[in-house]
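# Structural features, examined
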Amino acid sequence: MQSSGVAETVSIGPRPAYLVSQMADGELKTELQSCIGQPVQKTLFSISHRGAPLQFPEHTEEGYRAGALMGAGILECDVTFTKDKELVCRHSQSDLHTTTDILATDLAGKCTGAFVPAQGDTPASAECRTSDITLAEFRTLRGKMDSADKAAQNVEDYLKGTADWRTELYGHTGTLMTHAESIALFKDLGIKFTPELKAPKVTMPFDGFSQSDYAQKLIDEYKAAGIPAADVFAQSFNLEDVLYWIENEPDFGKQAVYLDGRRGLNPLDPSTFSPSMTELKEMGVNYLAPPLFVLLTLENGKIVPSPYAEAARAAGLKLITWTLERSGPLNSGGGWYYQTVGDAIEGDGDMMEVMHVLAQDVGVEGIFSDWPATTSFYASCMGLK
C-alpha cells in the first residue's frame, strides 16, 4: 500500500475476473472476458463507498487508500461531529460501538448507552456516539470491521460478529480520520470528494450548533483546503441540506446529491414520487441517488429501468446509485439491494449484469461500491469516464 502521493497505478486483484467467470454465457460475458488482465483506469464511475469495507474497516485511512488503489475516482467520507463540534468520518453519529474499539477502552464510560449483555430473547446492546467524546478522545480509537455479536455476554465477544463473507485480515489497524484529514488524503491521492452530511442523533441545535451551521462547516472545510467546488459532490438524505447548499453555496450546490431514501416511495408508481422529479429539478437539484433496486424492475424476466429511473432522466436529473458489493454472495437473490429484481438474481455473476443495465440502460453517472475494483474493472472495460 502506497504511503503517499497520487494513485497512478490501479490494482484490482482477482475478484472482477471471478465475477465474470460466474456469469451466464453471452455477449456481455465475452466482452468482459476480453478485458481481464488489461490495464484498468481510474474512473469517476467507480465511487468508493466508505473506503473498501468488503475487507477493510470503513472510513479508515487504510480503507480509503485501498479504494483509491482499486481505481475509484471518487471517495466518500460520511460526516458527523464530536462533542466539541469537530467533523469526523463515520457512517453514523451513533456507530462507535460497532465500528471502533471504544467499548474496550476507558472511553466506554462516556457512551450514551453502556454495554448490556444478551439475556433470553433480548440481544446485547450498547450505544456510543461521536458526540459523546471530544476530537482528542476520538483520535485515540481504532477502527474495526462494522459488526457486533448480539448474543454476546461480554464486551470482547460483542466486538466480534463480522460476517463470514467479509474478513478480519485487515481489521486491526483502522486509522480513524477527521473530515479535514480525509480531504487532505483524497487530494494527495488525486481523487474527487463525496462527503455525506449524516443525520444527527442529538437534538439540534447542539450546544448552539445548528443544522445550517453543520451543513456550512462541511463546505467550509473544502474551501479552507482550496478544493474546487467542481471536485466535490456533497450528499445528504435530508433535502433541506441539499437546498441549503443550493441557496447558500451555489458553486457546491450545483453538484449536491440528494440521497433518495423516501419512505412510501414505490419505484413503479410515479404518483408516490413526492416531490416529483420535475419539482426536484425546479428546486435546483441536479443529482439524485437512490438505492440500486429503485432504478430497476423486471419485464418478462429481464432486468430493465424502472419508471422511477425513466422519470428522473426525463426531468434532466443525473443519477448515482448505491451500493454494489454490500450484499454478500448473491446465490439467494441478493437481499435488500436487489429486491425489485431478486427473481433474476441467481449468483455472483449477475452483479455484472445489473451493473451493465444501470450503466447502459439507466445511464447512471456512477455506482458506489464496497469493493471499487468491481466497478473500476467494468467502467474501464466499457470506456466509461
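Residues numbered from 1 in each chain as written. Predicted model: local features only at pLDDT ≥ 70, side-chain atom pairs only at ≥ 80, totals over all residues. Heavy atoms only, no water.

Before going further, it helps to examine the nonpolar core. The biggest cluster of nonpolar side chains holds 102 residues, and the ones touching the most others in it are Leu 32 and Tyr 338. Other than its neighbours up to four places away in sequence, Leu 32 contacts Val 20, Met 23, Met 352, Phe 377, Tyr 378, Cys 381 and Met 382. The next biggest cluster of nonpolar side chains, apart from the first, holds 20 residues, and it includes Leu 107, Leu 135, Phe 138 and Leu 159. (Core = buried A, V, L, I, M, F, W, Y, C linked by side-chain atoms within 4.5 Å. Buried < 20%, exposed > 50% of the residue type's maximum accessible area, 1.4 Å probe, protein only. Contact = heavy atoms within 4.5 Å.)

This part covers the pattern of salt bridges. With the rule as written, the count across this model stands at 16 salt bridges. A salt bridge links Glu 58 to Arg 50, with the shortest nitrogen-to-oxygen separation between them at 3.0 Å. Accessibility assignment for this pair places Glu 58 and Arg 50 in one class, buried. Between Arg 166 and Asp 370 there is a salt bridge, and its shortest N-O distance comes to 3.7 Å. Residue Arg 166 is found in the loop between helix H6 (155-158) and strand S8 (174-175), and its partner Asp 370 is found in the loop between strand S17 (366-369) and helix H14 (373-382); the two are separated by 204 residues along the sequence. By relative accessible area, Arg 166 is classed as buried at 19%. Each of Arg 166, Arg 326 and Asp 370 takes part in a single network of salt bridges with overlapping partners. (Salt bridge = Lys/Arg side-chain N within 4 Å of Asp/Glu carboxyl O. Helix = DSSP H or I, 4+ residues; strand = E, 2+ residues; numbered from the N terminus.)

Enumeration according to the criterion identifies 3 disulfides in this entry. Put simply, Cys 77 and Cys 89 are joined by a disulfide, and their sulfur atoms are 2.1 Å apart. Across the S-S bond of Cys 77 and Cys 89 the torsion is about -110 degrees, and the bridge reads as left-handed. Taken together, the residues Cys 77 in the loop between strand S2 (72-75) and strand S3 (78-81) and Cys 89 in strand S4 (residues 87-89) connect sequence positions 12 residues apart. Take Cys 89: its relative accessible area is 0%, and that puts it in the buried class. With its sulfur 2.1 Å from that of its partner, Cys 111 forms a disulfide with Cys 128. Between Cys 111 and Cys 128, the S-S dihedral sits near 100 degrees, and the bridge is therefore right-handed. Remark: Cys 128 occurs in the loop between strand S6 (125-127) and helix H5 (135-138) and Cys 111 occurs in the loop between helix H4 (96-99) and strand S5 (113-116); sequence separation between them is 17 residues. (Disulfide = S-S within 2.5 Å.)

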